[in-house]
Amino acid sequence: MKEKIIEKLLLFCALLTIFTTLGIIAVLLIQSFNFFKEVSFFDFVTDTEWTPLFSNKRYGILPLLSGTLLTTLIAVLVAVPIGLIIAIYLSEYAPKKVRSILKPSLEILAAVPTVVYGYFALVYVTPFLQSIFPSLSGFNSLSPGLMMGIMILPLVSSLSEDALYAVPKFLKEGSFALGATRFQTAWKVMVPAAFSGIAVSVILAISRAIGETMIVAIAAGQQPRLTFNPFVPVETATTYIVQVSSGDVPHDSIEYRTIFAVGMSLFVITLILNNISFWLKRKYQATYS
Amino acid sequence: MKIEAKNVKFFYGQDQVLKDISMSIKKNTVTALIGPSGCGKSTFLRLFNRMNDLIEGARLEGEILIDGVDIYNKNINVNELRKTIGMVFQKPNPFPKTIYENVAYGLKVNGVSDKNIIEESVEQSLKQAALWEEVKDKLKKSAFALSGGQQQRLCIARALAVKPSILLMDEPASALDPISSIKIEELIYQLKSSYTILIVTHNMQQASRTSDKTAFFYMGELVEFDDTRTLFTNPKKERTQNYITGRFG
């Protein structure tokens, strides 16, 4: 009897998360549907202006996506090479002791509240970069992009290291036995063998960067602009949602519904990325079992 | 003598796993290392290409000479040394690459870039490993597409491609079916004319079929080392007798 109650309780908890997810998707879908009754989908994906809060309303999401893409790209350019180098160092070179200290310390980076990174980008990194590039605006995508790269760095390094560490030892030995150096072994055998795990870590990091809100909201600006110039203010999709939902836009207006359309777009992008990583995992797993 | 071990003692931390082992091996012979699990035969094998260097806290005393040179000498370049000594592992361990790239790997990491030389060497090594006929039409396919026995012959081809003079084999047939296992044995017999081979095995029939000399290890000691025929038909030590007749181990 008691067992039954516990079982039902556990099931209820599991269902609760599923229903929450379904509920969120339903709200996104309904509100987006209402949005697209007033704005053509074609305009939404092709128009190069995003001005729903002005009198001359334009609803092209490209400027927001370019802001998101640009900051994400900068973050990935920082996090992937450095993260991979750290992962290779930790799994192939570092003595056990160094590894047991360095790995947890890196993971602390992920525990820093993102608002701290955002603040740091705005008041330290941007002024510092301005001393090198005088043309840099006070708000820009470079500085929050760099900070975001630091933020997702442990995600790449830690998960890639796990993937490298999971490669069977006899594969490494096979390479050494042929006279390969440590670096040749790491680069030509271990990284390809751990490819799926590394790719998944990169995709997760990209998803995290796309959805990141606080850093870009604080330091990238609020000017939707279709550009790939990292020196000027931009607005990311997430920043726009923050701007509208914390502002005084009346509910049940078209301006209000824009945030659901933007949210839906973000959801679709991360969903696609998740599926890619799921597919990669399945495709490459179990090769050595 | 091609290989000489002189008073070799080996430790993992505080544990002594090899106790004062001396052994000489002639060129172009096959030597089988037999004994129960944990007797130190694999550890002994891995001393010859310094594979045990990878273990933190391991320590060697004594000397190991190859062609008269102490391979644990400070001036020895380990990567250069390993090029002259091929190794085949217990489980087939092809790299996540194509069949061709697996065999070419050893040459490429050793700085060979001439495509013709590599191509020729790949073909020759695969022929030596009796795999060429089976894979010549699918060299660009992943090595994982091969069966376990084929993968193991691929690993042998990979080892041969760098032109070693010694082949170390650590239970090369233990993960294979009987037919693949026989193929590996035939291969060992053919390779004997050009390589000095050391093979660790649990299978006593395999040891008696493939080797010229057999060394019996027990608890880190070299109990007996003799011509294979003598060791299997007329062992001098009682422990050897008990092991080969299946009374323990």
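Residues numbered from 1 in each chain as written. Chains lettered and ligands numbered in written order. Predicted model: local features only at pLDDT ≥ 70, side-chain atom pairs only at ≥ 80, totals over all residues.

### Notes on the overall build of chain B
Stated precisely, the cut-off is as follows: Under the scheme used here, helices are H or I runs from DSSP no shorter than 4 residues and strands are E runs no shorter than 2 residues, and both carry numbers assigned from the N terminus. Both definitions apply: the radius of gyration is a C-alpha atom measure, and the globule rule equals 2.2 Å times residues to the power 0.38. Put plainly, a residue is buried at 20 or more neighbouring C-beta atoms within 10 Å of its own, exposed at 12 or fewer, and partly exposed in between, counting only other residues' C-beta atoms, which are placed from the backbone. For every residue pair, C-beta atoms are placed from the backbone, and the pair is scored as a contact if these atoms sit within 7 Å.
In terms of helices and strands, chain B carries 10 helices and 10 strands. At 18 Å, chain B has a C-alpha radius of gyration in line with the 18 Å of a compact globule built from 249 residues. When its C-alpha atoms are laid out on the principal axes, chain B stretches across 55 × 45 × 30 Å. Among the 249 residues that make up chain B, the fraction classed as buried is 46%. Taking contacts inside chain B between residues at least 6 apart in sequence as the whole, the part at least 24 apart equals 67%.

### Quick word on the overall build of chain A
Per the secondary structure count, chain A includes 12 helices and 0 strands. Listed by position from the N terminus, the elements making up chain A come as α-α-α-α-α-α-α-α-α-α-α-α. Looking at chain A as a whole, 38% of its 289 residues are labelled buried. Within chain A, residue pairs in contact and separated by at least 24 positions form 73% of the contacts whose partners lie at least 6 positions apart.

### Focus on the domain arrangement of chain A
Often, the extent of an interface is quoted as the loss of accessible area upon association of its parts. Where we set the bar: Start and end points for every domain follow an automatic or database-based domain assignment. Nonpolar residues are Ala, Val, Leu, Ile, Met, Phe, Trp, Tyr, Cys and Pro. Charged residues are Asp, Glu, Lys and Arg, and all others, Gly as well, are polar.
Assigned domains within chain A: domain 1 (2–38) and domain 2 (62–284). Here the residues of the side of domain 1 of chain A that touches domain 2 of chain A sort into 2 nonpolar, 3 polar and 1 charged.

### Structural notes on the pairing of strand S8 (residues 196–200) of chain B
The side chains of a regular strand alternate, residue by residue, between the two faces of the sheet. Residues and elements named next belong to chain B. Cut-off, in case you're wondering: When DSSP finds at least two bridges between two strands, those strands are taken to pair. By convention, orient the strands away from the viewer: a clockwise path from the first strand over the helix to the second makes the crossover right-handed.
For S8, the buried fraction is high: 5 of the 5 residues fall into the buried class. Where burial is concerned, the two faces of S8 agree: the one with Thr196, Leu198 and Val200 and the one with Ile197 and Ile199 are both buried. Where strand S3 (residues 30–34) meets S8, 4 bridges bridge the pair, whose relative direction is parallel. Bridged to Ala32 within S8 is Ile199. Pairing between strand S7 (residues 166–170) and S8: 5 bridges, direction parallel. Looking across to S8, one finds that Leu167 is bridged to Ile197. At this point the chain moves from S7, through helix H7 (residues 178–191), to the parallel S8, and the crossover so formed is right-handed.

### Digging into the pairing of S7(B)
All names here are of chain B. Taken across its 5 residues, S7 has 5 buried, putting it largely inside the fold. Alternating positions in S7 separate into two faces, Ile166, Leu168 and Asp170 on one and Leu167 and Met169 on the other, with burial throughout. Pairing analysis gives 4 bridges linking strand S6 (residues 85–88) to S7, with the strands arranged parallel. The residue of S7 that forms the bridge with Ile85 is Ile166.

### What about the interface of chain B and chain A?
Chain B puts 21 residues into the contact, and the matching count from chain A is 16 residues. Put simply, the parts of the chain that give the side of chain B that touches chain A at least two residues each are helix H2 (78–83) and helix H3 (99–109) of chain B. Ranked by the residues each element gives to the side of chain B that touches chain A, the list is headed by H2(B), at 4 residues. Grouping the amino acids of the side of chain B that touches chain A by side-chain chemistry returns 9 nonpolar, 5 polar and 7 charged.

### Some thoughts on helix H6 (residues 148–161) of chain B
Residues and elements named next belong to chain B. This is how the line gets drawn: Helix span, as expected, comes to 1.5 Å for every residue beyond the first.
The first and last C-alpha atoms of H6 sit 20 Å apart over 14 residues, in line with the 20 Å expected at 1.5 Å per residue. Where burial is concerned, most of H6 is hidden: 13 out of the 14 residues are buried. Directly beyond the C-terminal end of H6, a positive phi value near 55° is found at Lys163.

### Brief notes about the nonpolar core
Looking at soluble globular proteins, one finds that nonpolar side chains tend to be buried together. Rules: To form a nonpolar core, buried Ala, Val, Leu, Ile, Met, Phe, Trp, Tyr and Cys residues must be joined through C-beta atoms within 7 Å.
Formed by 138 residues in total, the largest nonpolar core has its most connected members in Ile152(A) and Ile215(A). For Ile215(A), the residues in contact, after removing those within four places along its chain, are Thr114(A), Tyr117(A), Gly118(A), Ala121(A), Pro144(A), Met147(A), Met148(A) and Met151(A).

### Details of the environment of Ile198(A)
Residue and element names in this part refer to chain A. Mapped onto the elements of the fold, Ile198 is located in helix H9 (residues 195–211). Spatially, the C-alpha atom of Ile198 lies 13 Å from that of Val76, the residues being 122 residues apart in sequence. Contact partners of Ile198, with chain neighbours within four places excluded, come to Leu84, Ser160, Ala163 and Val191.

### Here's the deal with the domain arrangement of chain B
Residue and element names in this part refer to chain B. The domains assigned to chain B are domain 1 (23–56 + 69–84 + 166–249) and domain 2 (94–163). Averaged C-alpha coordinates put domain 1 and domain 2 at centres separated by 25 Å. With 10 residues of domain 1 in contact, the opposing surface of domain 2 contributes 10 residues. When residues in the side of domain 1 that touches domain 2 are grouped by element, the largest group, 4 residues, is from H7. Considering only residue class, the side of domain 1 that touches domain 2 consists of 6 nonpolar, 1 polar and 3 charged.

### Remarks on the sheet that holds strand S5 (residues 69–70) of chain B
Residues and elements named next belong to chain B. The antiparallel open sheet is built from 4 strands, whose spatial order is S2-S1-S4-S5. Unpaired on one side and paired on the other, strand S2 (15–25) and S5 mark the two borders of the sheet. Examined bridge by bridge, strand S1 (residues 3–12) and S2 share 7 bridges and lie antiparallel to one another. Its bridge partner lying in S2, Phe10 is registered against Leu18.

### What about the packing of helix H3 (residues 62–93) of chain A against helix H6 (residues 142–165) of chain A?
Operational definition: What counts as an axis is a line fitted to C-alpha atoms, over the stretch in contact for a helix, and the angles between N-to-C directions run from 0 to 180 degrees. Left-handed describes a crossing whose near helix is turned anticlockwise from the far helix through less than a right angle; right-handed describes the clockwise counterpart.
Relative orientation of the contacting elements H3(A) and H6(A) amounts to 35°, with a least axis distance of 6 Å. Seen along the crossing, H3(A) lies across H6(A) with a hand that is right-handed.

### Some words on the confidence of the model for chain B
Applied cut-off: A residue's pLDDT is simply how confident the predictor is in it, with values from 0 to 100.
Confidence in the prediction for chain B averages 93 pLDDT; 99% of positions are at 70 or higher. Predicted complex metrics record ipTM = 0.92 and pTM = 0.85.

### So, the environment of Leu106(A)
Residues and elements named next belong to chain A. Examined against the element boundaries, Leu106 turns out to sit in helix H4 (residues 96–109). Sequence separation between Leu106 and Ser157 is 51 residues; the distance between their C-alpha atoms is 8.4 Å. Excluding residues that lie within four positions of it along the chain, Leu106 makes contacts with Ile86, Pro154, Ser157 and Ser158.

### A closer look at the sheet that holds S7(B)
All names here are of chain B. Taken in spatial order, the 6 strands line up as S6-S7-S8-S3-S9-S10 in an open sheet, and their pairing is mixed. At either margin of the open sheet sits one strand with a lone partner, and together these are S6 and strand S10 (221–227). The sheet shows a mean angle of 15° between the axes of neighbouring strands, taken without regard to direction.

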